[in-house]
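Commentary on secondary and tertiary structure
The chain contents come next:
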Amino acid sequence: MSIIWTIIIGFVAGLIAKWIMPGRNEPSGFIMTTILGIVGAVVATYLGRAIGWYGPDDGANFIGAIVGAIIVLFIYGLIAGRRSTTTY
């Protein structure tokens, strides 16, 4: 059941991150939004452990997943924006 909750929380965190930080180069679709939220939670957990906010067995909470998803979306926008600005 935890995998299903991870997918649901990841999807909601990805939706909120895309709502806070909209852009034309953002990933779209259910699967990409869910992956964005899940990767955001992983990033938030890693950064939280590096800073000392989370212990070894703790994970990021919902707010941390949203912040992590915003960070991932920002980095994705930089990479995708750089790739799509070719002029002929």
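Residues numbered from 1 in each chain as written. Predicted model: local features only at pLDDT ≥ 70, side-chain atom pairs only at ≥ 80, totals over all residues. Heavy atoms only, no water.

Time to look at the overall build of the protein chain. Broken down by element type, the protein chain carries 3 helices and 0 strands. Overall, the protein chain shows an N-to-C arrangement of helices and strands of α-α-α. Put simply, the protein chain has 88 residues, and 27% of those count as buried. Of the contacts formed within the protein chain by residues at least 6 apart in sequence, a portion of 62% connects residues at least 24 apart. Surface exposure of the protein chain reaches about 6,100 Å², of which carbon and sulfur atoms provide 71%. (Helix = DSSP H or I, 4+ residues; strand = E, 2+ residues; numbered from the N terminus. Buried < 20%, exposed > 50% of the residue type's maximum accessible area, 1.4 Å probe, protein only. Contact = heavy atoms within 4.5 Å. Areas by Shrake-Rupley, 256 points an atom, 1.4 Å probe, with all protein chains shown as cover.)

Let's shift gears to the nonpolar core. Core analysis: the largest hydrophobic core is formed by 5 residues, namely Ala17, Leu36, Ala69, Val72 and Leu73. Residues contacting leucine 36, with those up to four places away along its chain left out, are Gly14, Lys18, Ala69, Val72 and Leu73. (Core = buried A, V, L, I, M, F, W, Y, C linked by side-chain atoms within 4.5 Å.)

A cluster of nonpolar side chains, contributed by Tyr46, Leu47, Ile51, Trp53, Ile63, Val67, Ile71, Phe74, Ile75, Leu78 and Ile79, occupies part of the molecular surface with about 1,200 Å² of accessible area. Every element with two or more residues in the nonpolar patch is listed here: helix H2 (30-51) and helix H3 (62-83). The dominant element in the nonpolar patch, judged by the number of residues it contributes, is H3, at 7 residues. When you line up the elements, tryptophan 53 lands in the loop between H2 and H3. (Patch = residues over 30% accessible without salt bridge, like charges linked within 9 Å, V, L, I, M, F, W, Y side chains within 5 Å. Salt bridge = Lys/Arg side-chain N within 4 Å of Asp/Glu carboxyl O.)

The subject of this paragraph is the environment of methionine 21. In this structure, methionine 21 sits in the loop between helix H1 (2-20) and H2. On a C-alpha basis, the gap between methionine 21 and phenylalanine 74 in space is 8.0 Å, while along the polypeptide they are 53 residues apart.

As for its position among the elements, alanine 13 is in helix H1. You can call alanine 13 buried: its relative accessible area is 0%. Note: C-alpha distance between alanine 13 and threonine 33 (20 residues apart in sequence) is 8.4 Å. In contact with alanine 13, not counting residues within four places along its chain, are Gly37, Phe62, Ala65, Ile66 and Ala69.

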